[in-house]
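Here's the letter readout for the chains.
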Amino acid sequence: MDTDTLALPRTHYLNAEFGLASWLLTTDHKRIGLLFLGSISMFFVLGGIFAGMIRLELLTPPGDLVSDDTYNKLFTMHGIVMIFMFLIPSIPSVMGNFFVPIMIGARDLAFPRLNLLSWYIFMIGGCFTLYAIVTGGVDTGWTFYTPFSTMASTSNVMAAAVGIFIMGFSSILTGLNFIVTIHTMRAPGMTWFRMPLFLWAMYATSLINVLGTPVLAITIVSVALERAFHLGIFDPAYGGDPLLFQHLFWFYSHPAVYIMILPSMGIVSELIAAFSRKNIFGYTFVAFSSLAIAVFGFLVWGHHMFVAGMSVYGAMIFSVLSFLVAVPSAVKVFNWTATLYKGSVSYQTPMLYALGFIGLFTIGGLTGLFLASLGIDVHVTDTYFVVAHFHYIMVGGALMGYLGGLHYWWPKMTGRMYPDLWGRVAAVVTFLGFNLTFFPQFILGYLGMPRRYHAYPPEFQALNVLSTAGASVMGIGYLMPAIYLFWSLKYGPIAGPNPWGAKGLEWTTPSPPPTFNFDETPVVTEPAYAYDTVEKKLA
Amino acid sequence: MPELPLFPTQASTMAGKVDALYFFLVSVSAFFVVLVAALIIFFAIRYRRRAHGEVGAKVIPSLALELTWTIIPLGLGLVMFFWGANVYFVESRPPAETLDIYVVGKQWMWRFQHLDGQREINELHVPVGRAVRLTGTSEDVIHSFFVPAFRMKADIIPGRYTTLWFNATKTGRYHLFCAEYCGTRHSGMIGTIVVMEPSEYQAWLAGGGGEGSLVSQGQKLFQDLACITCHRADGEGRGPILDGVYGSKVDLVDGRIVVADDAYIRESVLSPSAKVVAGFQPIMPTFQGLVSEEQLLSLIEYVKSLKGRELNTTKK
């Protein structure tokens, strides 16, 4: 594209108003998206520092870098920060807020003030959790298993739990807002089956948020009541059932995995289509597989508890349902791969992240089958095999999709391009670093190294060294975008409205978009990804 | 440079079964990873964008293809499910004849109690080639009993009895890990399973340290706690006769029927009014806080032993 002739639009959402108040009181979904981007980026750095310290500690078998209590707090806070303060809000709150209205041709979300409130609620909850961290930390593990969390832990459980409880309402409000917006505010002609797949994914995710998060809230309130008044809900010493907590907790927290991965799948669908310049193969299958994953996701929580004293037949039900949930995931992977067939495939930064996503998600998904399989789960559950598996899904999947989306939509959000070469280098470095970090952990897990170990027998050292080395490479991979994206804000070339030559309403409006997104309401006349209607310049 | 092991020792009858399934899943996974990666790389090169402004060809998705790649993963998933469930059945059903040992988890140690009195901490001696059944509970939080070489793991939960079993096939010393996070010294809650030749095991058992069999410890406790005054063998006491009660069905005052297993006996000692036997008043005091988990185990073992006595009395 000839960038010399391009200029930024004179007024857009970023310069329409100035001053702190114009940001803190904004109801513009795009600005709220950026508020979330800033907040969760800070939390990501914090969670990353904890991760780095964990990997450093595990470089040698004896627990010689930090004390055991410190280590327990590090992995707990790494989990809490990354899951509740980064992964769950990441794509819905940043890309969802920014692009759901634009992609359906609306001026804003259905409830703009509720949207702003969801950011404030998120920050208040985040502050409680940060307070828990600075006043001594939490050592229960992010899962808060009872009776440890209700009787044995002397750490700051309450503040952290209150923080998570509050942040949950932010997810509920965002989910509610998206559902109403997608139902009622689609531009003329934007039928359900003309919606970009990212919107299907956001819709499915919102359903989980609205239906699942209240259960988490109830669970956390129960833990707080149990800690304060010993009601005998979870603690057997007072007549409670320790496993009741696990049922309640995983009823939310298993679907929460899909809150993290479904949005990423939506982004990957966008990226594969845009960079193959082709309709997604099996659009309806991909769309419905998102809904199928959301629905099945609520029925498999018990597979976290196969060794926790569940009845044999209960375990069998959860096992077979877990295998069923793998099927729609496999369907997505095959459809994305098939989309490349006879495409016009280019390998700019977002596409590399998307292809990286497919690779890592495939490994993460397949190793999920090991855990769904009862006979193997007994051996590998609570070992590093599980750690590796869920990092492949949640970091390899969710985070790669997030970074792919960030690179794809960055020019739209800021109006400027970043150096694509550096972007591609970062994507490759992240991919390699990721595999070096987490692949050895599958082997470690099958060898029997339990998770959450601060010190370990010496025979596990070699694989831990590999893993820690990989973590440094991965850290560099995450640092690079931070640098060149900041650089691009001032020095990046002007992007123009559609730097990728992509389809989708978001590419029909200027970059950055005006406050109300479109000068006039767009009318949709064709399916999403209708690249075959683009005139072929060169056959 | 430290050694680089890639596969754990196989030291129980379970290990081979689990590993066979594991290798099947590894093969299937490797096949699909290679397939997807090869297709992506092939398409990526074959269909790379050659000219600016070029678009992809229109490809009509084929329903047959969609169904194929839905049904094949479903079929493979079901094979994995049935195979895995089959292994799990074996894992959860101990054989009829077992050597029974009790285990109590406590922050942060493993305590073992052999039936004939030997007690151990963080070390468990067992004979090779014999099915061993462990019955475990926890004094505080949830722990998990994990022996990688045996491919065996089960959570040890306060207020419940977990049973697990193994049949060791190779003598040696194996790691016993706590696999469920349990607080500060979770990673220090490591024990050793010592698998010995049966003759050595007999010698070890005989080698002192015992405090009389678990049954006799339980019997002494039964007298010391004055349980004997109500649970009289002649049926004249204010509590039910315990002879032969273990493993039998018990009618409760509220009409329910329960099986008098380990968990029921434990509950009856700690909260006697929870499940009162039909025909009796809820007058038994609670022993919560008075008996430790280990003492409970000896009481259970004593009640179990009363089965034999009952047979003797009916013969008269």
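That block above? That's the structure.
Position labels on residues start from 1 in each chain and follow its written sequence. Key to labels: chains lettered from A, ligands numbered from 1, both in the order written. Selection of residues for local features in this predicted model requires a pLDDT of at least 70, selection of side-chain atom pairs for listing and counting requires 80 or more, and totals for whole chains, interfaces and linings are taken over all residues. Processing note: side-chain calculations cover all non-hydrogen atoms of the structure and skip hydrogens and water entirely.

### Description of the overall build of chain B
Item 1. The secondary structure content of chain B amounts to 6 helices and 12 strands.
Item 2. Here the C-alpha atoms of chain B give a radius of gyration of 28 Å, more than 25% beyond the 20 Å that 2.2 N^0.38 yields for 316 residues.
Item 3. Expressed along its principal axes, the backbone C-alpha trace of chain B runs to roughly 100 × 55 × 40 Å.
Item 4. Total accessible area computed for chain B in this model is approximately 14900 Å², and 60% of it derives from carbon and sulfur atoms.
Item 5. Of the side chains in chain B, 30 bear a positive and 30 a negative charge, and the two mean positions are spaced by 7 Å. Strands here mean DSSP runs of E at least two residues long; helices mean DSSP runs of H or I at least four residues long; both are numbered from the N terminus. All radius of gyration figures rest on C-alpha atoms, and the globule criterion is 2.2 Å times the number of residues raised to 0.38. In these tables, accessible area is a Shrake-Rupley quantity obtained with a 1.4 Å probe, and a residue counts as shielded only by the protein chains included in the view. The charge count treats Lys and Arg as positive and Asp and Glu as negative. His and the chain ends do not count. To locate a charge, the coordinates of NZ of Lys, CZ of Arg, CG of Asp or CD of Glu are taken.

### Concerning helix α14 (residues 420-447) of chain A
Item 1. Each residue after the first adds 1.5 Å to the expected span of a helix. Here α14 of chain A contains 28 residues, and its C-alpha end-to-end distance of 41 Å stays within 8% of the 40 Å for a straight helix at 1.5 Å per residue.
Item 2. Taken from the residues just after α14 of chain A, Gly448 of chain A is the one with a positive phi, measuring 115°.

### Here's the deal with the packing of aromatic side chains
Item 1. Between 30 and 60 degrees the pair is tilted, below 30 it is stacked and above 60 it is edge-to-face, where a pair is any two Phe, Tyr or Trp rings, Trp via its six-membered ring, whose centres lie within 6.5 Å. Going through the model one piece at a time under the given rule, you end up with 69 aromatic pairs over all chains.
Item 2. Here the aromatic residues Phe370, Phe385, Tyr392, Phe434, Phe438, Phe439, Phe442 and Tyr446 of chain A together with Phe7, Tyr22 and Phe23 of chain B are joined through ring pairs into a cluster of three or more.
Item 3. The positively charged end of Arg151 of chain B is found above the aromatic ring belonging to Phe7 of chain B, 5.7 Å away from the centroid.
Item 4. Between Lys153 of chain B and the ring centre of Phe146 of chain B, over which it is positioned, the NZ or CZ distance is 3.9 Å. Geometrically, a lysine NZ or arginine CZ counts as sitting over a ring once it is within 6 Å of the ring centre and also within 35 degrees of the ring normal.

### With respect to the nonpolar core
Item 1. In these notes, a set of buried Ala, Val, Leu, Ile, Met, Phe, Trp, Tyr and Cys residues joined through side-chain atoms within 4.5 Å is what counts as a nonpolar core. Per-residue accessibility, obtained with a 1.4 Å probe over protein chains only, is compared with the maximum for each type, and a residue is labelled buried under 20%, exposed over 50%, and partly exposed between these values. Ranked by size, the top nonpolar core spans 244 residues in total, and within it Phe84 of chain A together with Phe145 and Phe150 of chain B carry the most contacts.
Item 2. Per-element accounting of this core gives the leading share, 21 residues, to helix α3 (residues 68-103) of chain A.
Item 3. If you look at the next biggest cluster of nonpolar residues, it comprises 28 residues, including Phe222, Val250, Val269 and Phe287 of chain B.

### Quick word on the interface of chain A and chain B
Many analyses report the size of an interface as the accessible area lost when the parts associate.
Item 1. Two residues qualify as a contact provided that any one of their heavy atoms is within 4.5 Å of a heavy atom in the partner residue. If you look at the interface, chain A gives 96 residues, while chain B gives 85 residues.
Item 2. Take the accessible area each of two parts loses on contact, using a 1.4 Å probe, and add the two losses: that sum is the buried area. A buried area of about 7900 Å², summed over both sides, lies between chain A and chain B, and 69% of it is on carbon and sulfur atoms.
Item 3. On the chain A side of the interface with chain B, the three residues burying the most area are Phe334, Tyr446 and Tyr453 of chain A, jointly 9% of the side's total.
Item 4. Salt bridges are counted wherever a side-chain nitrogen of Lys or Arg sits within 4 Å of a carboxyl oxygen of Asp or Glu. The residue Arg160 of chain B makes a salt bridge to Asp241 of chain A at a minimum N-O spacing of 3.5 Å.
Item 5. Side-chain atoms alone can form a polar contact between residues adjacent in sequence; in general such a contact is a pair of N or O atoms within 3.5 Å, and within protein one must be able to donate a hydrogen while the other accepts it. Seen at the junction of chain A and chain B, the total is 26 residue pairs in polar contact (both at pLDDT 80 or more).

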